[in-house]
Amino acid sequence: MSDSNPFGASGQYATTVSYGANAGDAAGTRLAEPAADLIKDATTASFSADVIQESRKQPVMVDFWAPWCGPCKQLTPLLEKAVKAAGGKVKLVKMNIDEHPSIAGQLGIQSIPAIIAFKDGQPVDGFMGAIPESQISEFIEKVGGKGDGKAAIAEALAAAAEARGAGDMQTAADIYDAVLQEAPDAVEAIAGLADLLLEAGDSAGADAVLERVPEDKRDAPELAAVRTKISLAAQAANLGNPAELEKRLEQNPKDHQARFELAMIHNAMGERDKAADGLLAIIKTDRTWNDDGARAQLLQFFEAWGMADEATLSARRKLSSLLFS
C-alpha cells in the first residue's frame, strides 16, 4: 500500500490513525444491541451489571490495565480489534486498576495486563501479558466459539456501514481491516476500505487496495462506485481554478464548459447538490451540448454517490422533471 495511507502503516490494512470518533467507543458487530455496548469501560459499581450479569448472555472478556503499563498500551488496541472482528461472540470490558483496584484484588490479579473471561457469571479462562493478535483471536474462539464465519462477516460489514454512517471512520476502517484479515477476498470490505482511503485523500492507497481484488471478482458491482469515484477525482485534479471558472460564467452564462468543470470541482469538494445543479443547468439550457455530456456525467455522479444518496435522489427528481415535462 502507498506510504501515504492515512490509516497507518502496520499490518495488512493498518488503521491506527485517529480519524473520526473515538474507536474505543466502537460500533460492534452485533446489530441487535447498541454499538457502544460491545466495548466499554467499567467501574467497581458497574462490574456486576457489565460483567457478571452480561456474561450470562454471552462471554465477557475483562481487560485489567493501568495508564502507566506499557504492555497494556500494546495489548488493548489488539483486543478491541479482535473483539470487533469476532462477530459479537464476546464483549470487552476494560477496568483501570488504579481507579478501581478492588475487583482485581478480589480476583488475585498481581500483574497486568491481565485478561479474564467470564461465562455464566463465573471466570472461566484468562491470560496475562501482551500476546500476538493471532493468539488473541484463538482465545476468543476458545471462549466464544467459532460461530458462522459468513454470518460474522456479514454482521461486521453492516456494523462498519453503521459506524461510517455515524461519522466514525476509524471504527469503520478497523472493522474492514479485521474482516480482510479473516477473508482477504471479501469484496465489500475491499470496496469499503478503498472508499474510506479515497475520502481521506489517498487515491494511491485506494488503488492499491483495489489491486488486491481476486481476478474472478474484479467486475463485482460493489467495486464499480469506488472506481468511478477514483476516475472523477483524477478528472477534477486536472481542472482549473474555481474562481476563474466562476468569473467566466459571470461574463458568459452560456459557457457550458466552465459550468461543467465547476460541477466536477464541486463534486470533488463533496458539494454534491451544487455539482448536480450545475450539470442540470446545462441540460436545461442545451441538452445537445457535448453529445449530451452533462447528462452522462450526472449519471456517473449517481453511480459514485450511490442510488440511495440524498443528492442522487434529489437530482434524479430534477432530471426527470427536465426530461419528461
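Per chain, the residues get numbers from 1 upward, laid out in the order the sequence is written. For this predicted model, a pLDDT threshold of at least 70 governs which residues receive local features, and a threshold of 80 or more governs which side-chain atom pairs are given and counted, while totals over whole chains, interfaces and linings are taken from all residues. Side-chain descriptors were evaluated using all non-hydrogen atoms of the structure, hydrogens and water having been removed beforehand.

Sorry if this is basic, but what is going on with the overall build of the chain here?
On a plain count of helices and strands, the chain comes out with 14 helices and five strands. Contact criterion: two residues are considered in contact whenever any of their non-hydrogen atoms come within 4.5 Å of each other. Look at the contacts in the chain between residues 6 or more apart in sequence, and 65% of them connect residues 24 or more apart. Only carbon and sulfur atoms are counted for the fraction: they give 50% of the accessible area of the chain, which is about 15,700 Å². By definition, any uninterrupted DSSP run of H or I lasting at least four residues is a helix, any uninterrupted run of E lasting at least two residues is a strand, and each is numbered from the N terminus. Every accessible area reported is derived by Shrake-Rupley at a probe size of 1.4 Å, with residue values counting cover from the shown protein chains alone.

Would you mind going over helix H12 (residues 272-285) with me for this structure?
In an α-helix, one full turn covers 3.6 residues, which means residues spaced three or four apart are oriented alike. Counted at 1.5 Å a residue, the expected span for H12 with its 14 residues is 20 Å, and the 20 Å between its end C-alpha atoms agrees. For H12, the set of buried residues is Ala-275, Ala-276, Gly-278, Leu-279, Leu-280, Ile-282 and Ile-283. Residues of H12 that are buried sit in contact with helix H11 (256-268), helix H13 (293-305) and helix H14 (310-324). Any helix carries an expected span of 1.5 Å times its number of residues minus one. Relative accessibility under 20% of the residue-type maximum defines a buried residue, over 50% an exposed one, and the middle range a partly exposed one, all with a 1.4 Å probe and only protein chains included.

What's the story with the confidence of the model for the chain in this structure? I'm lost.
Note: predicted coordinates in regions of low pLDDT should not be interpreted at a detailed level. Per-residue pLDDT for the chain has a mean of 79; in total, 85% of the residues score no lower than 70. One number per residue, pLDDT, summarises how confident the predictor is, and it ranges from 0 to 100. For the stretch residues 1-36, pLDDT sits under 50, and the model shows 99 contacts to residues farther than four places along the chain or on other chains.

So what exactly am I meant to see when it comes to the packing of aromatic side chains here?
Between two aromatic rings, the relevant description is the distance of the centres plus the angle of the planes. Note on ring pairs: Phe, Tyr and Trp rings are taken, using the six-membered ring of Trp, and paired if centres are within 6.5 Å. Classes follow the plane angle, with under 30 degrees stacked, over 60 edge-to-face and the rest tilted. Using the criterion set out here, one finds five aromatic pairs in the structure. Aromatic side chains Phe-47 and Phe-118 sit 5.8 Å apart centroid to centroid with 80° between the ring planes, which places their arrangement in the edge-to-face category. With Phe-47 in helix H1 (residues 47-53) and Phe-118 in strand S4 (residues 114-119), this residue pair connects regions lying 71 residues apart in the sequence. Taking the relative accessible area as the measure of exposure, Phe-47 reaches 7% and is therefore buried. An aromatic cluster is present here, built from Phe-301, Phe-302 and Trp-305 joined pairwise through their rings.

Sorry, what's going on with the sheet that holds strand S1 (residues 39-41) here?
Within a sheet, each strand pairs with its neighbour through backbone hydrogen bonds, oriented either parallel or antiparallel. A pair of strands counts as paired when DSSP detects no fewer than two bridges linking them. Spatial ordering of the open sheet is given by S1-S3-S2-S4-S5, a layout of five strands whose pairing is mixed. Of all strands in the sheet, those bounded by a partner on one side alone are S1 and strand S5 (122-128). Neighbour-to-neighbour, the strand axes of this sheet turn through a mean angle of 25°, independent of strand direction. Where S4 and S5 come together, six bridges link them in antiparallel fashion. In the strand pairing of S5, Ile-116 is matched with Gly-126. Each axis is a line fitted through C-alpha atoms, and for a helix only the stretch in contact is used; angles between axes span 0 to 180 degrees, taken between their N-to-C directions.

What exactly am I supposed to notice about the state of the cysteines here?
Such a bond, covalent and formed between the sulfur atoms of two cysteines, is termed a disulfide. Sulfur atoms of two cysteines make up a disulfide when they are within 2.5 Å. Scanning the model with the defined rule gives one disulfide in all. Shown here is the disulfide that connects Cys-69 with Cys-72, its sulfur atoms set 2.3 Å apart. With the S-S bond torsion at 80°, the cross-link from Cys-69 to Cys-72 turns out right-handed. Assigned by exposure class, Cys-69 and Cys-72 land together as buried.

Mind showing me how you'd approach H14 here?
For H14, built from 15 residues, the straight-helix expectation of 21 Å at 1.5 Å per residue is met to within 8% by its first-to-last C-alpha distance of 21 Å. Every buried residue of H14 is accounted for by Ala-311, Thr-312, Ala-315 and Leu-319. Along the axis of H14, the buried residues cluster in a sector spanning 90°; they form a single face. Exposed positions of H14 whose direction lies more than 90 degrees from the buried face are Glu-310, Arg-317 and Phe-324. Elements in contact with the buried residues of H14: H12 and H13. Throughout this description, a polar contact denotes any pair of N or O atoms lying within 3.5 Å of each other; where both atoms belong to protein, one of them has to be capable of donating a hydrogen while the other can accept it, and for residues adjacent in sequence the pair is counted only when both atoms sit in side chains. The distance from a side-chain oxygen at the start of H14 to the backbone nitrogen of Ala-311 is 2.8 Å, and the residue carrying that oxygen is Asp-309. Here, the arc refers to the directions that run from the helix axis to the C-beta atoms.

Teacher, can you tell me more about the packing of H11 against H12 here?
The packing of two helices is summarised by the inter-axis angle and the distance between the axes. The contact between H11 and H12 brings their axes to 7 Å, and the two run at 160°. The orientation of H11 relative to H12 falls into the category roughly antiparallel. Crossing of H11 against H12: the hand is left-handed. In this structure, H11 contributes His-256, Arg-259, Phe-260, Ala-263, His-266 and Asn-267 to the contact, and H12 contributes Lys-274, Ala-275, Gly-278, Leu-279, Ala-281, Ile-282 and Thr-285. When an angle is under 35 degrees it counts as roughly parallel; over 145 it counts as roughly antiparallel; between 65 and 115 it counts as roughly perpendicular; any other value is oblique. What makes a crossing left-handed is the near helix being turned counterclockwise from the far one by less than a right angle; a clockwise turn instead makes it right-handed.

Please clarify how the pattern of salt bridges should be interpreted in this entry.
Pairing between side chains becomes possible if they bear opposite charge and their charged atoms approach one another. Here, a salt bridge means any side-chain nitrogen of Lys or Arg that lies within 4 Å of a carboxyl oxygen of Asp or Glu. Tallying each qualifying case throughout the model produces 16 salt bridges. Across the pair Glu-80 and Lys-94 runs a salt bridge, and its minimum N-O distance is 2.7 Å. Here the residue Glu-80 occupies a position in helix H2 (residues 70-85), and Lys-94 occupies one in strand S3 (residues 91-96), the gap between them amounting to 14 residues. Exposure class is identical for Glu-80 and Lys-94. Each is buried. By sharing partners, the salt bridges in this structure join Glu-54, Lys-57 and Lys-91 into a single network.

Help me out: how do you make sense of the pairing of S4 in this one?
Across the six residues that make up S4, a large majority, five, are buried. Bridging between strand S2 (residues 60-65) and S4 involves five bridges; their strand directions are antiparallel. For Met-61, the partnering residue across the bridge sits in S4 and is Ala-117. The turn joining S4 and S5, which pair antiparallel and follow one another in sequence, is formed by two residues; a positive phi near 50° is taken by Asp-120.

Just to check I follow, could you spell out the environment of Val-83 for this structure?
Tracing the backbone through its elements, the reader meets Val-83 in helix H2. The class for Val-83 is buried, based on a relative accessible area of 0%.

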